[in-house]
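# Structural overview
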Amino acid sequence: AMLSLAACTPGATATLTTAPPTVPPPTATALPPTATRLPPTVAPTATLEPSPTVAPSATAAPPFFEQLGMIVEHGPRGEWDGRYTDPGAVVYADGAFHLFRNGFQGWPAVVNIGYVTSPDGVTWTEVSEDPILGTADVPYAGLAALASSVLVEPDGTWVLYFYTWQTAAFPTHGSIGRATAPAPTGPWTVDPAPVLTAGPAGAWDGQQVLAPDVVRDGDGYVMYYSGQSAANIVQAIGRATSPDGIHWTKYNDPATTSAALSASDPVLTGDPTAQWDKSWVHQPRVFAAADGTWVMFYRGVADTNGQRMALGYATSADGLVWQRAAANPVLKPQAIPGAQHFWFTNVLLHADTLYLFWEVDTPNTTTSIFLATHTGPLP
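In what follows, the accompanying structure is described.

### Things to note about the pattern of salt bridges
In the structure shown here, the tally under the stated rule is 7 salt bridges. Asp81 is the partner of Arg101 in a salt bridge, and the nearest nitrogen-oxygen pair spans 2.8 Å. Of the two residues, Arg101 is situated in strand E3 (residues 96-104) and Asp81 in the loop between strand E1 (66-72) and strand E2 (84-93); the sequence distance between them amounts to 20 residues. For the salt bridge of Asp213 with Arg285, the shortest nitrogen-to-oxygen distance reads 3.8 Å. Residue Asp213 is found in strand E11 (residues 208-217), and its partner Arg285 is found in strand E16 (residues 280-288); the two are separated by 72 residues along the sequence. Residues participating in the shared-partner salt-bridge network are Asp81, Arg101 and Glu126.

### Observations concerning the environment of Arg178
Looking at the secondary structure, you find Arg178 in strand E9 (residues 176-181). Considered as a pair, Arg178 and Leu160 are 18 residues apart in the sequence and their alpha carbons are 5.7 Å apart. When near neighbours in sequence (up to four residues on either side) are disregarded, Arg178 contacts Tyr140, Val159, Leu160, Tyr161, Phe162, Thr189, Val190, Asp191, Val195, Asp244, Gly245 and Ile246. A polar contact of 2.8 Å, which involves the side chain of Arg178, links it to the side chain of Asp191.

### Digging into the sheet that holds strand E8 (residues 158-165)
Whenever strands of a sheet pair, they do so through backbone hydrogen bonds, lying parallel or antiparallel. Sheet architecture is open: 4 strands sit in the order E7-E8-E9-E10, paired in antiparallel fashion. Lying at the two open borders of the sheet, with one neighbouring strand each, are strand E7 (144-152) and strand E10 (189-190).

### Describing the sheet that holds strand E20 (residues 342-350)
As summarised here, the arrangement of the 4 strands in space is E1-E22-E21-E20, forming an open sheet in which the pairing is antiparallel. Unpaired on one side and paired on the other, E1 and E20 mark the two borders of the sheet. Within the sheet, the average angular offset between the axes of one strand and its neighbour, ignoring direction, is 25 degrees. Here E1 runs beside strand E22 (residues 367-375); their pairing, made up of 5 bridges, is antiparallel. Counterpart to Gln67 in the pairing with E22 is Ala372.

Conventions and cut-offs
In this convention, every chain numbers its residues from 1, walking through the sequence in written order. Totals for whole chains, interfaces and linings use all residues, but because this is a predicted model, local features are given only for residues with pLDDT of at least 70 and pairs of side-chain atoms are given and counted only at 80 or more. Note: side-chain values were computed over all heavy atoms of the structure, leaving out hydrogens and water. A pairing counts as a salt bridge when a side-chain nitrogen of Lys or Arg comes within 4 Å of a carboxyl oxygen of Asp or Glu. The way it works is that DSSP assigns letters per residue, a run of H or I at least four long becomes a helix, a run of E at least two long becomes a strand, and they are numbered from the N terminus. Here a residue-residue contact requires only that any non-hydrogen atoms of the pair lie within 4.5 Å. Pairs of N or O atoms within 3.5 Å make up the polar contacts considered here, provided that, within protein, one atom can donate a hydrogen while the other can accept it, and that residues adjacent in sequence are counted only when both atoms are side-chain atoms. Strands were regarded as paired on the criterion that DSSP finds at least two bridges between them. Lines fitted to C-alpha atoms define the axes, with helix axes restricted to the stretch in contact, and inter-axis angles between N-to-C directions lie between 0 and 180 degrees.

Set out below in structure tokens:
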């Protein structure tokens, strides 16, 4: 089946609702930044049911994405973005692309949020050399606050969703927060408390909730997010709804009663029958196709130490039951010459073109933001 893509309402593109050859783990001083680093001894949880998978096609498909290369480079050493930068939150509004990027000098470490704009998604301009929001502005952030999703309300209010990283230890705890501003440059006002927190002890998301993607859906809002348990740090993808973007209710299937699933349920989990995302899935990026079908891009990991990763997508009629695409995985880090990993990702649909912004490592143990595009229907 072919899905014809349609652009969403302002803010919904980045936010309606990731197994190459094994590589040696990076050194402690060169860890690429990601909110989901796994230790080598973690095993997947046995309580999460895998989502259905479509059988792969017998014929090889052409490359899904066109590679356009680096678009935003990390800053010079010593600056707030002096080693790593990722495409935290992105939206198309007022005739331009707006990217709220995370910048940091190490990981885990303090994170600040910068702002760049582009007329075409390819050529970007730094609006200010200074961050527009930082970890110090979030009283409950702990070590770091990272931008993840942004939308523009009909009244012109800008709304930024971020997630927190509490300590330098791993695993850590963390929640999802929100900030608002009259313009993308601010001033930004951070809500006094998180809008979504981890589940109870023993829950599939009982350790941390992170990487939210928020969109308007009718008169309300839908959030897709990553969740991590305390028993292990394998991640899955959850869903929550809200009437106002502030008060959220997690999806909960009353038929599931185990400790991991009694309070809420994931809507997409690792698929043990697949080689590319059998361990865990996270970083949901969701939008609507022209026929109303929901489309979710996500990063998948094939091993338990977080080193074998790829990007795939799934579709859903109701936003709850997801079917993986037969074309998966649609992108691997080796698409960029010399790259071994990609970390944080974001996807925006504009004018029938998918823009993938992805944080890719480089040979000098830094990361920058790269762009890949896909135009036309999804296979």
